[in-house]
Amino acid sequence: MMHRDRVRVRVVGLDRKGRPEGRVLDILERRSGPIIGRMLLEGGQWILAPEDRRYGQDILIPKGGTATAAAGQVVAVELTEPPSLHAKPVGRVVEVLGEIDDPGIEIEIAVRKYDVPHRFSPQTLAAAAALPDRLRAADRRHRVDLRDVPLVTIDGEDARDFDDAVYCEPFARGRGKSAFSGWRLLVAIADVSHYVRPGEPIDEDAYERATSVYFPRRVIPMLPEKLSNGLCSLNPDEERLAMVCDMLVAADGTLDAYQFYPAVMRSQARLTYTEVAAALANTPGSEAERLATLLPHLLHLHEVYLALLRARQRRGAIDFDTVETQIVSDEQGRIEKIVPRVRTDAHRLIEEAMLAANVCAAEFIRGASHAALYRVHEGPTPEKRQVLQNYLRALGLAQHLSDEPKPRELAAIAEATAGRPDAAQIHMMLLRSMQQAVYTSATGGHFGLAYEAYTHFTSPIRRYPDLLVHRVIKALLGGRKYHLLASAKTRVPEPRRGGRIAAHKPQSPESALWEAAGAHCSANERRADEATRDVESWLKCRFMREHLGEQYAGKVSAATGFGLFVTLDELHVEGLVHISELGGDYYRFDEVRQELRGERTGVRYSIGTRVLVQVSRVDLDARRIDFRLVREGQGERLLAQGRSGASTSASAVEQLDAIHMADRQAKVRSRERVALARAQGPDNPAAGRAADSRAAKPVPRSAGKTAAKRGSKAGSKVSAKRRSGR
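Residues numbered from 1 in each chain as written. Predicted model: local features only at pLDDT ≥ 70, side-chain atom pairs only at ≥ 80, totals over all residues. Heavy atoms only, no water.

Peer 1: Help me out: how do you make sense of the packing of aromatic side chains in this one?
Peer 2: Geometry of an aromatic ring pair is reported as the spacing of the ring centres plus the angle between the planes. Taken as a whole and assessed by the stated rule, the structure comprises 8 aromatic pairs. Consider the rings of Phe562 and Phe565, whose centres lie 6.1 Å apart with planes at 90 degrees: the pair is edge-to-face. Accessibility expressed as a relative area gives 13% for Phe562, which makes it buried. Each residue in the set Tyr258, Phe260, Phe364 and Phe457 is aromatic and connected to the rest through ring pairs, giving one cluster. Note that Arg209 overlies the ring of Phe120, its terminal NZ or CZ placed 3.8 Å from the centroid. (Phe/Tyr/Trp six-rings, centres within 6.5 Å; stacked < 30°, edge-to-face > 60°. Buried < 20%, exposed > 50% of the residue type's maximum accessible area, 1.4 Å probe, protein only. Lys NZ or Arg CZ within 6 Å of the ring centre and 35° of its normal.)

Structure, rendered in structure tokens:
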């Protein structure tokens, strides 16, 4: 049996923690797809050391199955014989990905490790090539002409596809200043459904992917580039087709009215968050002067944002103050620096505009009683509510949670604790108490945003559920119903169990299709997140190898029974201080307070505790960074090994140079020995002695279950936006 096999299990009892234990009765389905790993030569036998340690064993590669692979290279292997009780699995090399130091190798590994589809089918590429390069007269028919409306896109500096544009103007009923009643807000979204038709090759591939995957410096798009960066991207001064949500927002931020319609538009400018924020913050400044023709509309957007923000606060929506980071890479794809993402009013006004359009889409579809995919985010389960309540009591906080907490209750706790030194710790516990958002055909509401019904309408270029919502809205506007087609390419996981929406049972074959589509899109969204985190963890490990021995200040980001995870203030990288590094005391993990406490000294380490650490070890294979705690009185002694002194930097550089030199020498020796072994033949005793498996591997593989467990935790923190499912 191997990782990712489907098996039949019989529950035989419970372990000491109350978890069910089982016995495998039968293997129903062997895993499919290649296994990624490093080629090694041990005693004349080629083996694959899997990149994913959950496989738990090496794979034998016969001499005729190595293709062109050399020792130490990263390859993809296809199993030819599954493992048995007394024999290891056997496979053959189907693809050589390259050397471990090649730029971009981490992404090549991740897309195969997580089975992310990264090649479009020939039929899809042919269909994309056959699409027109620009709009035709027939495309503009039966559409509202918005080409004279100064719609603009506002995105990050590194954005390549633009799927939303906005415009705002004051709205008045009657005459005079007293007639002002709010704003007219237009959110125009790229009309992907005009080009991507159900059942066609492009649609099949898009459904299989379900989402675009965003890696540092590379995107695996859901749609071919001709659509994602061309026909469907709202590029400036280009005519584009759009689906528009036209809203009237009252002065208090409530949505008075809305309508949807297909339109043709021309974006007036491609703006960035940075320049919009600068213009709004300093209207007499140079940035505002440069955007003089658009500035009045941007100011109206800011006004409607403030009104929508007030409505959000009245609803009791939760707004956590969390820090997200961005990796800045060099031309070779290596990390140059990691910087915190600063959220400005420009980010927030776009977010509020998109939220408003998404809510209108959900209300429009629900009002028509039409099947669709909703974005459902549930609150704390009874178990998580109790854990959170115990945690708040342990901190001496008087806030009480009801049996079925409302968003307003968690928002009140977040607001009341915002000024505390441990605010980040408390907000993280509030975030962890909620469930992950999913796509489902049931209108279960969105807990974090405090909406009764919510869906995704605003990103059809990169999310398949949004494309389905566009098709449903178009069908309703035309007085029709949209019928979802089954797809042979869909991987349908088991529907999610647990939570209130689990009680929803499909009542018809069509509703079952929608539920399966929601489960498929939710699973692929998780897959994309896992692949992205894996690449980021790889890059951070490579980055931290250049900082071995250096000393940094940081905060405890998580406490566990086996140690502390610490995030460095300066580098924004997380690593593990193993419990054995905390000193001679016996430390016990307090689950209620989420802290480690020394029984003899009473020293406590909880989330938010400030510590000084030294980078002691980096394991690239395990994606693990180890820190050593610098205790009181050790600072001067460790300065020679730390970041501050010149001798310290030299020591770290020497260590890194030694690692790189060992890697290069190992590769040279391995290739020479492989060539010698092949020349002398397998029966020559010297051939077996010439194959040195450990010299063939530049980066040592870590050993032991503890190491694997520690490695699985590193770099796995989910961002607030992903957790709340916006």
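Anyway, onward from the coordinates.
Peer 1: Whenever I open this one, the state of the cysteines confuses me. Can you help?
Peer 2: Two cysteines joined by a covalent bond between their sulfur atoms form a disulfide. Enumeration over the complete set of coordinates arrives at 0 disulfides. Here Cys360 stays free of any disulfide, with the sulfur of Cys245 as its closest cysteine sulfur at 4.1 Å. Look at Cys360 and you get buried, because its relative accessible area is 0%. (Disulfide = S-S within 2.5 Å.)

Peer 1: Which parts of the structure should I look at to understand the packing of helix H3 (residues 201–209) against helix H13 (residues 509–544)?
Peer 2: Each pair of packed helices can be summarised by the angle the axes make with each other and by the distance between the axes. Interaxial distance between H3 and H13 falls to 8 Å at its minimum, and their mutual angle equals 65 degrees. Here Tyr207, Glu208 and Arg209 of H3 lie close against H13, whose contacting residues are Ala517, His520, Asn524 and Arg527. Classifying every residue of the contact of H3 with H13 gives 2 nonpolar, 2 polar and 3 charged. (Axes fitted to C-alpha atoms, helices over the stretch in contact; angles between N-to-C directions. Helix = DSSP H or I, 4+ residues; strand = E, 2+ residues; numbered from the N terminus. Contact = heavy atoms within 4.5 Å. Nonpolar A, V, L, I, M, F, W, Y, C, P; charged D, E, K, R; others polar.)

Peer 1: Help me out: how do you make sense of the pairing of strand E22 (residues 563–568) in this one?
Peer 2: Along any regular strand, the residues point their side chains to alternate faces of the sheet. Among the 6 residues of E22, 5 are classified as buried, and the element is accordingly described as predominantly covered. Where strand E21 (residues 551–560) and E22 come together, 6 bridges link them in antiparallel fashion. By the bridge assignment, Thr560 is partnered in E22 with Gly563. Where E21 folds back on E22, the antiparallel hairpin that results is connected by 2 residues. Adjacent in sequence and paired antiparallel, E22 and strand E23 (residues 574–578) are bridged by 5 residues, among which His572 carries a positive phi angle near 60 degrees. (Pairing = 2+ DSSP bridges.)

Peer 1: Where do I start with the nonpolar core in this structure?
Peer 2: Across soluble globular proteins, nonpolar side chains show a tendency to be buried alongside one another. The biggest cluster of nonpolar side chains holds 94 residues, and the ones touching the most others in it are Ile154, Leu185 and Phe457. No other element matches helix H8 (residues 345–367), which puts 11 residues into this core. Leaving out residues up to four positions away in the same chain, Leu185 has contacts with Tyr167, Cys168, Cys245, Asp246, Met247, Val249, Leu301, Val304, Leu308 and Ala353. Judged by nonpolar contacts, the second largest core, of 48 residues, contains Tyr114, Val116, Ala528 and Tyr587. (Core = buried A, V, L, I, M, F, W, Y, C linked by side-chain atoms within 4.5 Å.)

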